[in-house]
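# Commentary on secondary and tertiary structure
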Amino acid sequence: MMEEVKEVTSFLSIHGQNIKVSEVMQDGDALTFLIISQKLSGTGEYHVGRTWDDFEWLQQHLFSREDVPGIQGVIFPPLPAKAPVNASAKVMKQLGFLGLEDWRPYCKALETFLRQVAAHSILSKNKAVEGFLTSSEPTGRQKARKNIFNRLSQAVDGMRKEGHKDVDEFFQTERDHNLILTGCTKIAAEKFLDVVLTEQKIAVAYGHFAASLHLCVEAGEDPNKQAFSRVCVKLSEVFDSMKKNMASVAENNVSTLGLGLDLESRYQEAEKEMLFRRICKLVEVENARRNAEKAKPVKKTAMEEVKKAAETEFEHISEVAKLEIAQFEGARVEMLQRALVQWCEKQLLTAKESADRFNQHLQVFRGMA
């Protein structure tokens, strides 16, 4: 099992790290995302259209492969929540950076999800991944409808198990750290989104003021009025440049650190879910052991087999989980570092371009003096 987890050979016919979700096509309330994958053979590309429900089917299909030992120990790449068309402001707010009017961040999040799946040593072996990326055939998805009372009972049961003490100090420490990081990254993403939304509002205000300055322009032969009109026009150009600068700053924030914080937050939730699945299996093992100890002779053999099966599965999950956590910790540091570096590079470039533009405006005003 351990050798299978460390396997890095590609099981796909495409370059996993070159997958692109290039655009979104809207037909009424339906959204279709165009996925482009480069063939390993170098002879061309696959172009496939998939809906969000297709993405959800893929994630559920990967998770439901119970024949894969330790599958519940995998930190599954997080799929962004569904983005409904013409949703309310409250719903879009829940999506965070992915709920902004521009679809590019959402496409980028779906693209990252597919790249993470394609790069995963266990998940990429699933034949469904290959078909999802290279075939236009429908996924054959079936939505599972759960009874609300089942969901409520599962929620109550989950709260009880979530507080269960772990027998392994490594996992207990990881759970404690994850609890803190999940809250911190969520707050950081929310606060940074507030900054972006404020920058967008300021950009709009600059645009309105630039437009209103044209209302002060007057026609006529009066030299004073002509001079004042020229100043208003030039000032309008300055505020228009300020609008473009602030819009670029906001866009840079979203496409770099914003998406980085969003992905970090969703990945922390994914690790939390994996750790919870493992603790649920631990509770199952402990119950199986108690049942085997209390079993009457006639049921002793059957209970021992149940216990042994639960213990074996728990061991597989723990083995996979330890490797997943180690890989995740390295990946998340690299992921956030890359987001921060890109953020700085883009904002420095924007600042330089804006400084050059404002210097040109300054020279014009000096010439008018």
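Report on the accompanying structure.

Cut-offs used in this document
Residues numbered from 1 in each chain as written. Predicted model: local features only at pLDDT ≥ 70, side-chain atom pairs only at ≥ 80, totals over all residues. Heavy atoms only, no water. Helix = DSSP H or I, 4+ residues; strand = E, 2+ residues; numbered from the N terminus. Buried < 20%, exposed > 50% of the residue type's maximum accessible area, 1.4 Å probe, protein only. Contact = heavy atoms within 4.5 Å. Areas by Shrake-Rupley, 256 points an atom, 1.4 Å probe, with all protein chains shown as cover. Polar contact = N/O pair within 3.5 Å; in protein donor to acceptor, adjacent residues only side chain to side chain. Core = buried A, V, L, I, M, F, W, Y, C linked by side-chain atoms within 4.5 Å. Pairing = 2+ DSSP bridges. Phe/Tyr/Trp six-rings, centres within 6.5 Å; stacked < 30°, edge-to-face > 60°. Expected span 1.5 Å × (residues − 1). Bend = angle between axes of the 7 residues up to and from the residue.

## Considering the overall build of the protein chain
For the protein chain, the count of helices and strands is nine helices and three strands. Reading the secondary structure of the protein chain in the N-to-C direction produces α-β-β-β-α-α-α-α-α-α-α-α. When burial is assessed residue by residue, the protein chain has 38% of its 369 residues classed as buried. For the protein chain, restricting intrachain contacts to residue pairs at least 6 apart in sequence, the fraction spanning at least 24 positions comes to 75%. Accessible surface, the protein chain as shown: approximately 21,600 Å² in total, 56% of it carbon and sulfur.

## Points about the environment of R65
Structurally, the position occupied by R65 is in the loop between α2 (52–63) and α3 (89–94). For the pair R65 and L123, spaced 58 residues apart in the sequence, the C-alpha separation amounts to 9.7 Å. Leaving out residues up to four positions away in the same chain, R65 has contacts with I71 and N126. Among the polar contacts made by the side chain of R65, one reaches the side chain of D67 at a distance of 2.7 Å.

## Re the nonpolar core
Formed by 36 residues in total, the largest nonpolar core has its most connected members in F33, I35, F55, L58, L114 and L133. Elements that contribute at least two residues to this core include exactly β2 (30–38), α2, α4 (104–119) and α5 (127–134). Top element by residues in this core is α4. It accounts for eight residues. When sequence neighbours within four positions are dropped, the list of residues in contact with F33 reads V21, E23, V24, V48, G49, R50, T51, W52, F55, Y106, C107 and L110.

## With respect to the pairing of strand β3 (residues 45–50)
Two strands pair when backbone bridges link them, and β2 and β3 are joined in this way by six bridges, in the antiparallel orientation. Bridge pairing in β3 places L34 opposite G49. The hairpin turn running from β2 into β3, its antiparallel successor, is six residues long, and G42 in that turn takes a positive phi close to 80°.

## Describing the packing of aromatic side chains
Tallying each qualifying case throughout the model produces 12 aromatic pairs. Judged by centre distance (5.4 Å) and plane angle (70°), the ring pair of F63 and F76 falls under edge-to-face. Separated by 13 residues along the polypeptide, F63 in helix α2 and F76 in the loop between α2 and α3 bring together distant segments of the chain. Under the relative-accessibility criterion, F63 is labelled partly exposed at 38%. When the centroid spacing of 5.8 Å and the interplanar angle of 85° are considered together, the rings of W103 and Y106 count as edge-to-face.

## Looking at the environment of Q360
Note on placement: Q360 falls in helix α9 (residues 297–368). Overall, Q360 belongs to the exposed group, its relative accessible area being 54%. Separated by 122 residues in sequence, Q360 and V238 have C-alpha atoms that sit 9.8 Å apart.

## Quick notes on helix α8 (residues 223–294)
Along its 72 residues, α8 runs 103 Å from first to last C-alpha, staying within 8% of the 106 Å computed at 1.5 Å per residue. When the local axis directions of α8 are compared, the greatest deviation, roughly 40°, occurs at G258. N-cap assignment for α8: the residue whose side-chain oxygen lies 3.0 Å from the backbone N of N224 is D222.

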